[in-house]
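The chain contents come next:
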Amino acid sequence: MAWKQAGNNNHVIDLQNASAAGKAGPVIFDYFGHSAFRITSPSGLTLAFDPWRNDPSGAWGIWFPGEFPRITVDVGLSTHTHFDHDALDRLDATAILDRLVGTWAFADVTVTGIADKHATDQPGWYKWINAVKEGGQDPYPPNNPGHLDNVTYLVETGGVRILVWGDNRHNPPEDVWQRWGRVDVLTLPVDGSQHILSDAQATAIVDRLKPKIVIPIHYLAKGTSSTLSTLQDADGWVAAQKGEKRPVDGPRLVLDAAAIAPLDRAIHYFADHAAKA
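Source: prediction; values computed, not measured.

A few points about the overall build of the protein
Logical step 1: Summing up its helical and strand segments, the protein has six helices and 13 strands in all.
Logical step 2: A globule of 277 residues ought to have a C-alpha radius of gyration of about 19 Å, and the protein, at 18 Å, matches this closely.
Logical step 3: When the backbone C-alpha atoms are referred to their principal axes, the protein occupies close to 55 × 45 × 35 Å.
Logical step 4: Looking at the 277 residues of the protein, the share that counts as buried comes to 54%.
Logical step 5: Taking as baseline every contact in the protein between residues at least 6 positions apart, the subset at least 24 positions apart corresponds to 63%.
Logical step 6: For the protein, the exposed area adds up to about 11,800 Å²; of that, 52% sits on carbon and sulfur atoms.
Logical step 7: The centroid of the 24 positive side-chain charges in the protein is displaced by 3 Å from the centroid of its 32 negative side-chain charges.

Focus: the sheet that holds strand β4 (residues 71-78)
Logical step 1: The mixed open sheet is built from six strands, whose spatial order is β5-β4-β3-β2-β1-β12. Both outer strands of the open sheet, β5 (91-98) and β12 (252-255), are each paired with one neighbouring strand and no more. Mean inter-strand twist for the sheet, computed between neighbouring axes without regard to direction, equals 25°.
Logical step 2: Bridging between strand β1 (residues 27-31) and β12 involves four bridges; their strand directions are antiparallel. Considered in β12, the bridge of Asp30 is made with Arg252.

Considerations on the pattern of salt bridges
Logical step 1: Under the counting rule described, the total for this entry stands at 15 salt bridges.
Logical step 2: Among the ionic pairs, Asp149 bridges to Lys117, the shortest N-O distance being 2.8 Å. Placement of the pair is Asp149 in strand β8 (residues 149-157) and Lys117 in strand β7 (residues 109-117), with a sequence separation of 32 residues.
Logical step 3: Measuring nitrogen to oxygen at the nearest pair gives 2.9 Å for the salt bridge that ties Glu156 to Arg161.
Logical step 4: Judged by its relative accessible area of 15%, Arg161 is buried.
Logical step 5: Three or more residues joined by partner-sharing salt bridges are found here, namely Asp30, Arg38 and Arg252.

Notes on a nonpolar patch on the surface
Logical step 1: Together, Trp60, Trp125 and Tyr126 line one region of the surface with nonpolar side chains, adding up to about 330 Å² of accessible area.
Logical step 2: Within the secondary structure, Trp60 is located in the loop between β3 (46-49) and β4.
Logical step 3: On the basis of relative accessible area, Trp60 is assigned to the partly exposed category, the value being 31%.

A closer look at the environment of Val190
Logical step 1: The residue Val190 is located in the loop between β10 (185-189) and α4 (199-209) in this model.
Logical step 2: We classify Val190 as buried; its relative accessible area is 2%.
Logical step 3: Taking the C-alpha atoms as reference, Val190 lies 16 Å from Arg208; in sequence the two are 18 residues apart.
Logical step 4: With residues up to four places along the chain from it excluded, the contact list for Val190 reads Ala202, Pro216, Ile217, His218, Tyr219, Ala234 and Trp237.

Regarding the side chain of His34
Logical step 1: By the element assignment, His34 lies in the loop between β1 and β2 (37-40).
Logical step 2: His34 has contacts with Trp52, Trp63, Phe64, Asp84, His85, Ile217, His218, Tyr219, Thr224 and Leu231, leaving out every residue within four places of it along the chain.

So, the layout of surface pockets
Logical step 1: The volume enclosed by the largest pocket comes to roughly 340 Å³.
Logical step 2: As for the largest pocket, its lining consists of 20 residues, of which Trp60, His82, Phe83, Trp128 and His147 are closest to the centre.
Logical step 3: Here the lining of the largest pocket is built from residues that sort into nine nonpolar, seven polar and four charged.

Section: α4
Logical step 1: For α4, every residue scored as buried is listed here: Gln201, Ala202, Ile205, Val206 and Leu209. Seen end-on, α4 carries its buried residues on one side only, within an arc spanning 135°.
Logical step 2: As for α4, its buried residues are in contact with β9 (160-164), α3 (174-180), β10, β11 (213-217) and α5 (235-240).
Logical step 3: Phi turns positive one or two residues past the end of α4, at Lys210, with a value near 50°.

Remarks on the sheet that holds β11
Logical step 1: Strand order across the open sheet formed by seven strands is β6-β7-β8-β9-β10-β11-β13, with mixed pairing between neighbours. Of all strands in the sheet, those with a lone pairing partner are β6 (102-106) and β13 (266-267), marking the two edges.
Logical step 2: As paired elements, β7 and β8 share eight bridges and run antiparallel to each other. By the bridge assignment for β8, Gly113 is matched with Tyr153.
Logical step 3: Most of the contacts of α4 go to β10, to which it runs at about 170°, and overall it touches β9, β10 and β11.

Details of the packing of aromatic side chains
Logical step 1: This structure, assessed with the given rule, holds 16 aromatic pairs.
Logical step 2: Between Phe32 and Phe68, the ring centres sit 5.5 Å apart and the planes meet at 40°, which makes this aromatic pair tilted. Of this pair, Phe32 sits in the loop between β1 and β2 while Phe68 sits in the loop between β3 and β4, and the two are 36 residues apart along the sequence.
Logical step 3: Residue Phe32 is classed as buried on the basis of its relative accessible area, which comes to 1%.
Logical step 4: Residues Trp63 and Phe83 carry aromatic rings whose centres are separated by 5.2 Å and whose planes lie at 85° to one another, so their mutual orientation is edge-to-face. Taken together, the positions of Trp63 in the loop between β3 and β4 and Phe83 in the loop between β4 and β5 put the pair 20 residues apart, joining distant regions of the chain. Comparing Trp63 with Phe83, the two get one shared label, buried.
Logical step 5: The ring of Trp177 has Arg208 sitting right over it, with the charged end atom 4.4 Å from the ring centre.

The rules behind the values
- Residues numbered from 1 in each chain as written.
- Predicted model: local features only at pLDDT ≥ 70, side-chain atom pairs only at ≥ 80, totals over all residues.
- Heavy atoms only, no water.
- Helix = DSSP H or I, 4+ residues; strand = E, 2+ residues; numbered from the N terminus.
- Rg over C-alpha atoms; globule rule 2.2 N^0.38 Å.
- Buried < 20%, exposed > 50% of the residue type's maximum accessible area, 1.4 Å probe, protein only.
- Contact = heavy atoms within 4.5 Å.
- Areas by Shrake-Rupley, 256 points an atom, 1.4 Å probe, with all protein chains shown as cover.
- Lys, Arg positive; Asp, Glu negative; His and termini not counted.
- Charge placed at Lys NZ, Arg CZ, Asp CG, Glu CD.
- Pairing = 2+ DSSP bridges.
- Axes fitted to C-alpha atoms, helices over the stretch in contact; angles between N-to-C directions.
- Salt bridge = Lys/Arg side-chain N within 4 Å of Asp/Glu carboxyl O.
- Patch = residues over 30% accessible without salt bridge, like charges linked within 9 Å, V, L, I, M, F, W, Y side chains within 5 Å.
- 1 Å grid on protein atoms, 1.4 Å probe; cavity = no way out; pocket = protein on both sides within 12 Å on 5 of 7 lines; lining within 4 Å.
- Points joined across faces, edges and corners; volume = space filled by probe spheres on them.
- Nonpolar A, V, L, I, M, F, W, Y, C, P; charged D, E, K, R; others polar.
- Arc of directions from axis to C-beta.
- Phe/Tyr/Trp six-rings, centres within 6.5 Å; stacked < 30°, edge-to-face > 60°.
- Lys NZ or Arg CZ within 6 Å of the ring centre and 35° of its normal.

Set out below in structure tokens:
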């Protein structure tokens, strides 16, 4: 469908010809609900992560009452191949870095993709992992099918290090923790159904990484996802955290390296706010 997409690569060419490396300024984080968001660097480079869709086979039901908004970005990325993370066709993107492993750098952004595995512990009541077993597949590493692989992304721009968790397991090997290093902003899948991580697992991740900011994702949000997803909101987990609570009153969060430096595991929760375009 790329031949039908709007726009062209003029913006990327402008950035290619500019001296943007190390540019100072705020980093813009726009939340599109579920696990999807767009990062805009100080130079204006835009990256969209994990756009969602309903399962095209119909087997998993209607998770989203509408389509992901078609947006134009410079770069599109997906952490893994599940339907609620891989609607890259909804992005009018100059470049697609699907499940990137290794380091990619352009303008004032460096993205490091670190390969690991999807969570399979099943802490919640809905044992979706059994559907994988019923299909004749072994869901557990190292024999898991490819759709249970996961890539986390460490995005560095504007002096801020953002870790895009996707649906990664809570207990990766030690070398993965070391590759992440310092994390300023952590996106983490938490919801009342404990669909991906248990409350305790999520809190342990936060306590180990000690980010300045934690952004809950992958939860039930009015207007974005539906009850049929089996997800619940993240209110309970957020309320139980020891860090400062900073509700976000819209779909946009402005990240300034100097302003967030004093923070310690502050929870920035979008709740039902989601960008529409």
